[in-house]
Amino acid sequence: MKYTGSCHCGQIKFEAEGDIGTALSCNCSMCQRKGSLLWFVPRQNLRLLTPEDKLSTYLFNKHVIKHHFCATCGIHPFGEGTSPTGEATAAINLRCIEGIDLEAIPVHHYDGRSV
């Protein structure tokens, strides 16, 4: 299935393709503050619909995840990193996807503080 999403002001828009089976809620210092519910897809399943220069990026800790956000409204629609198997991966904030019922998606809680 194909989904569309954006930041709050619309400066960052994207499409993502795949099946949303579960969401991940992480309690690391970054995710806890953002409040994201993450859906992971292969990076090639995410297509940016706005110019890449609209993305601002924050790196912290080991600098392996690119936390993308909008410099205008501050919303974090997705991040990019590498899966444990070495595949380029996008971590999409499900709260930025249009027209889905978040209450219907099972949430897996991940203890990112311990990593």
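Refer to the structure above for everything that follows.
Residues numbered from 1 in each chain as written. Predicted model: local features only at pLDDT ≥ 70, side-chain atom pairs only at ≥ 80, totals over all residues. Heavy atoms only, no water.

### So, the overall build of the chain
Then, number 1: Each helix and strand in the chain was counted, giving one helix and ten strands.
Then, number 2: From first element to last, N terminus to C terminus, the chain shows the α and β order β-β-β-α-β-β-β-β-β-β-β.
Then, number 3: Relative to the 2.2 N^0.38 estimate, which gives 13 Å for 115 residues, the radius of gyration of the chain is 13 Å and therefore close to what a compact globule would have.
Then, number 4: With 115 residues in all, the chain has 37% of them scored as buried.
Then, number 5: For the chain, the proportion of contacts with a sequence separation of at least 24, taken over those separated by at least 6, is 56%.
Then, number 6: Of note, the chain has its 11 positive side-chain charges centred 8 Å away from the centre of its 11 negative side-chain charges. (Helix = DSSP H or I, 4+ residues; strand = E, 2+ residues; numbered from the N terminus. Rg over C-alpha atoms; globule rule 2.2 N^0.38 Å. Buried < 20%, exposed > 50% of the residue type's maximum accessible area, 1.4 Å probe, protein only. Contact = heavy atoms within 4.5 Å. Lys, Arg positive; Asp, Glu negative; His and termini not counted. Charge placed at Lys NZ, Arg CZ, Asp CG, Glu CD.)

### A short note on the packing of aromatic side chains
Then, number 1: Counted according to the given criterion, the structure contains three aromatic pairs.
Then, number 2: A centroid spacing of 5.8 Å and a plane angle of 65° characterise the contact between Phe 14 and Phe 78, whose relative ring orientation is edge-to-face. With a gap of 64 residues between them, Phe 14 in strand β2 (residues 13-17) and Phe 78 in strand β8 (residues 78-82) connect regions that are remote in the sequence.
Then, number 3: A relative accessible area of 0% places Phe 14 in the buried class.
Then, number 4: The exposure class assigned to Phe 78 is buried, which follows from its relative accessible area of 4%. (Phe/Tyr/Trp six-rings, centres within 6.5 Å; stacked < 30°, edge-to-face > 60°.)

### Some thoughts on the sheet that holds β2
Then, number 1: In space, the three strands of this open sheet follow the order β1-β2-β5, with antiparallel pairing throughout. Across the chains shown, the open sheet's two edge strands, defined by having one partner strand only, are β1 (2-6) and β5 (46-48). Within the sheet, the average angular offset between the axes of one strand and its neighbour, ignoring direction, is 20°.
Then, number 2: Bridge count for β2 against β5 is three bridges, and the pairing is antiparallel. Residue Phe 14 lies in a different strand from β5, and its bridge partner there is Leu 48. (Pairing = 2+ DSSP bridges. Axes fitted to C-alpha atoms, helices over the stretch in contact; angles between N-to-C directions.)

### Thoughts on the environment of Thr 82
Then, number 1: Within the fold, Thr 82 resides in strand β8.
Then, number 2: Spatially, the C-alpha atom of Thr 82 lies 20 Å from that of Gly 21, the residues being 61 residues apart in sequence.
Then, number 3: Ignoring any residue separated from it by four or fewer positions in sequence, one finds Thr 82 in contact with Glu 87 and Thr 89.

### Considering the nonpolar core
Then, number 1: In terms of nonpolar packing, the biggest core is built from 20 residues, with Phe 14, Trp 39, Leu 46, Phe 78, Ile 92 and Leu 94 touching the most fellow members.
Then, number 2: Counting residues per element, the ones that place at least two in this core are β2, β4 (38-42) and β9 (88-93).
Then, number 3: Setting aside its immediate chain neighbours within four residues, Phe 78 contacts Ile 12, Phe 14, Leu 46, Leu 48, Leu 55, Lys 66, His 67, His 68, Ala 91, Ile 92 and Asn 93. (Core = buried A, V, L, I, M, F, W, Y, C linked by side-chain atoms within 4.5 Å.)

### Let's talk about the pairing of β1
Then, number 1: The pairing of β1 with β2 spans five bridges and is antiparallel. Bridge pairing in β2 places Lys 2 opposite Glu 17.
Then, number 2: Hairpin connection between β1 and β2: a loop of six residues separates the two successive antiparallel strands, and Gly 10 in this loop has a positive phi of roughly 90°.

### Considerations on the side chain of Glu 15
Then, number 1: The topology assignment puts Glu 15 in strand β2.
Then, number 2: In this structure Glu 15 touches Lys 2, Tyr 3, Thr 4, Asn 45, Leu 46, Arg 47 and Leu 49, once residues within four positions along its chain are discounted.

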